[in-house]
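Reading the structure
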Amino acid sequence: MRILVVGGAGYVGSTSVEAFVEDGHHVVVYDNLTSGHAAAVVDGAKLVVGDISDGALLDLVLREQRIDAVLHCAARSLVGESMADPGLYYRTNVSGGVALLEAMRSAGTSRLVYSSTAAVYGEPRRVPIAEGDRTEPISPYGATKLAFEGAMRWFAAAHGFRAISLRYFNVAGATERNGEDHRPETHLAPLVLRVAAGEANHVQIFGQDYPTPDGTCIRDFLHVRDLASAHMLALEATDDAEPSLEVYNLGSAAGFSVREVVEAARRVTGRAIPARVVKRRLGDPPVLVASSRRARRELGWQPKHSTLDEMLSDAWNWRASHPGGYRDREAAAIEVDGQAGGEAGGPESSDPGQRPRPSATVVA
Ligand code: UDP
């Protein structure tokens, strides 16, 4: 298959790209490198540096690379940031996404898999959450992801798109080559490992007074490798599908508490990992766990790396082999229009005023 991965230099996208290339697919990554890393793109995949709002460029890439299907992973994805700056989220996650849909329509590419989120559900009335449950997002992040799902649905009805949206929560783990390198980092698992590595004194536990067995929040963790396999199954499923938007949750249906994550990290790393309980973080529901029965039944998805120990030990090993994250490998910055590549407006910033690049450069 000839696949375009939009946002393919980020954590979730790059690990999928790696798996697709290993399986012999032709893969093109489209990313602005604002939060993604050129070094995360494996040899064997092409990298086009460009902005998701640049529909003309997307159209060109889709045609020139004769793309069969698109995996869309480019989004702003921090709840807190979205509460502070909703416009940024609407510009990137909705307007940017629609530019991609229009480019696909113009280029005649109708197969799309979307990296969505269980944040579209808001405060769940029951867990595990099923796909048909009420969607009432409680943040601009969740609202914009849901809005884009709506756009996909209408493009399916009007233009014959065959689209799949995958809703998931917390992704963890790493491959040997690719791992998590967010700057700044806000996610629990990498922050816990940062303490284990001696880069921070303690991890903060945001609240221990929730109605859960140990008082800390429960979240649904998914290994990034299992996510890559779900992405591929979904891409394949769009092949002979009728025009529609299908929605699938991806999750463990069990969930792990924040305390369990810290304890698993202690076990895996053999380090003490001091933890301090602080007050609750705004907007955190006590339990978020998704039922992925539908994905298992209809896509044939079978997660193989569901234990916290495996996710954390893979992430720990990646940290050990990449002490400076990707940044060291990016010291030899890519050349774009004669300038060092680096910060550019695009999928992750999507502020047209910050878009210095008129065109993309195929780097590899
Ligand atoms: N969390 C925490 N300390 C941290 C970061 C996160 O206790 O330093 C908690 C957070 O309150 C939530 C869970 O860990 O209950 C997962 O948060 P994360 O930001 O990793 O992912 P989210 O669920 O927000 O997507």
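Presented here is a report on the structure given in the accompanying data block. (Residues numbered from 1 in each chain as written. Predicted model: local features only at pLDDT ≥ 70, side-chain atom pairs only at ≥ 80, totals over all residues. Heavy atoms only, no water.)

The next point concerns the overall build of the protein chain. In terms of helices and strands, the protein chain carries 10 helices and 16 strands. Buried residues in the protein chain amount to 54% of all 364 residues. Summed over its atoms, the accessible surface of the protein chain is roughly 15,100 Å², and 50% of this surface lies on carbon and sulfur atoms. (Helix = DSSP H or I, 4+ residues; strand = E, 2+ residues; numbered from the N terminus. Buried < 20%, exposed > 50% of the residue type's maximum accessible area, 1.4 Å probe, protein only. Areas by Shrake-Rupley, 256 points an atom, 1.4 Å probe, with all protein chains shown as cover.)

What follows deals with the site of the ligand. Residues in contact with the ligand amount to 13 residues; listed here are only the nearest, Leu188, Gln204, Phe206, Arg281 and Asp284. Within the backbone of phenylalanine 206, a nitrogen or oxygen atom sits 2.9 Å from an oxygen atom of the ligand. For the ligand, an oxygen atom lies 2.9 Å from a polar atom in the side chain of arginine 281. In the complex, the protein chains occlude 89% of the 510 Å² of accessible area that the ligand would expose alone. (Near = heavy atom within 4 Å. Polar contact = N/O pair within 3.5 Å; in protein donor to acceptor, adjacent residues only side chain to side chain.)

What follows is about the packing of helix 6 (residues 188–196) against helix 10 (residues 308–321). Two elements in contact, helix 6 and helix 10, have axes separated by 11 Å at closest approach and are oriented at 55°. If you check the angle between helix 6 and helix 10, you find them oblique. Where helix 6 crosses over helix 10, the two elements pack in a sense that is right-handed. On helix 10, the residues that touch Ala189, Pro190, Leu193, Arg194 and Ala196 of helix 6 are Leu312, Ala315, Trp316 and Arg319. Looking at the contact of helix 6 with helix 10, its residues break down into 7 nonpolar, no polar and 2 charged. (Axes fitted to C-alpha atoms, helices over the stretch in contact; angles between N-to-C directions. Parallel < 35°, antiparallel > 145°, perpendicular 65-115°, else oblique. Left-handed = near helix turned anticlockwise from the far one by under 90°. Contact = heavy atoms within 4.5 Å. Nonpolar A, V, L, I, M, F, W, Y, C, P; charged D, E, K, R; others polar.)

All told, the structure shown has 2 cavities of 30 Å³ or more when counted by the stated rule. Its boundaries defined by the atoms lining it, the second largest cavity holds a volume of some 40 Å³. Examining the composition of the lining of the second largest cavity, we find that 3 residues originate from one element, strand 10 (residues 221–223), more than from any other. (1 Å grid on protein atoms, 1.4 Å probe; cavity = no way out; pocket = protein on both sides within 12 Å on 5 of 7 lines; lining within 4 Å. Points joined across faces, edges and corners; volume = space filled by probe spheres on them.)

For the structure on display, the rule yields 5 aromatic pairs. Measuring from ring centre to ring centre gives 6.5 Å for tyrosine 89 and tyrosine 141, while their planes differ by 85°; the resulting arrangement is edge-to-face. Of the two residues, tyrosine 89 sits in helix 4 (residues 86–107) while tyrosine 141 sits in helix 5 (residues 140–159), which places them 52 residues apart along the sequence. The exposure classification of tyrosine 89 matches that of tyrosine 141, with both residues buried. (Phe/Tyr/Trp six-rings, centres within 6.5 Å; stacked < 30°, edge-to-face > 60°.)

Here the focus is the layout of surface pockets. By volume, the second largest pocket is sized at about 290 Å³. Taken together, 21 residues line the second largest pocket, and the ones lying closest to its centre are Glu180, Asp181, Arg194, Trp318 and Arg319. When contributions to the lining of the second largest pocket are tallied by element, the ones reaching two or more residues are helix 6 and helix 10. Broken down by element, the residue count for the lining of the second largest pocket peaks at 4 residues, all from helix 6. For the lining of the second largest pocket, a count of residues per class yields 8 nonpolar, 6 polar and 7 charged.

What follows covers helix 1 (residues 11–22). The end-to-end C-alpha distance of helix 1 is 17 Å, a good match for the 16 Å that 12 residues give at a rise of 1.5 Å each. Along helix 1, 9 of the 12 residues are buried, which leaves the element largely enclosed by surrounding structure. When we look at burial in helix 1, the residues that qualify are Tyr11, Val12, Gly13, Ser14, Thr15, Ser16, Val17, Glu18 and Phe20. A positive backbone phi angle near 90° is found at glycine 24, which sits one or two residues after helix 1. (Expected span 1.5 Å × (residues − 1).)

What follows is about unusual backbone geometry. Of the consecutive residues valine 127 and proline 128, the connecting peptide bond is found in the cis state with omega at -5°. Structurally, proline 128 is set in the loop between strand 5 (111–117) and helix 5. Between arginine 183 and proline 184 the backbone carries a cis peptide bond, its omega angle lying at 0°. Counting through the fold element by element, proline 184 comes out in the loop between strand 7 (170–172) and helix 6.

We now examine helix 2 (residues 55–64). Among all positions in helix 2, only Leu57, Leu58, Asp59, Val61 and Leu62 are buried. In this structure, the buried residues of helix 2 make contact with strand 1 (2–6), strand 2 (26–31), strand 3 (45–49), strand 4 (69–72) and helix 4. Within two residues after helix 2, arginine 66 carries a phi angle of roughly 45°, on the positive side.

This part is about the sheet that holds strand 5. Strand order across the open sheet formed by 7 strands is 3-2-1-4-5-6-11, with parallel pairing between neighbours. Each edge of the open sheet carries a strand with a single partner, namely strand 3 and strand 11 (244–250). On average, each strand axis in the sheet is inclined to that of its neighbour by 20°, with strand direction left out of account. Of the strands in this sheet, strand 1, strand 4 and strand 5 touch helix 4, which is tilted by about 175° from strand 4. Sheet contacts for helix 5: strand 4, strand 5, strand 6 (162–168) and strand 11; angle to strand 5, the most-contacted strand, approximately 160°. (Pairing = 2+ DSSP bridges.)

On to the pattern of salt bridges. As enumerated under the stated definition, the model contains 16 salt bridges in all. A salt bridge links glutamate 149 to arginine 167; the nearest nitrogen and oxygen atoms lie 2.6 Å apart. In this pair, glutamate 149 sits in helix 5 while arginine 167 sits in strand 6, placing the two residues 18 residues apart along the sequence. For the pair glutamate 149 and arginine 167, one class covers both residues: buried. (Salt bridge = Lys/Arg side-chain N within 4 Å of Asp/Glu carboxyl O.)

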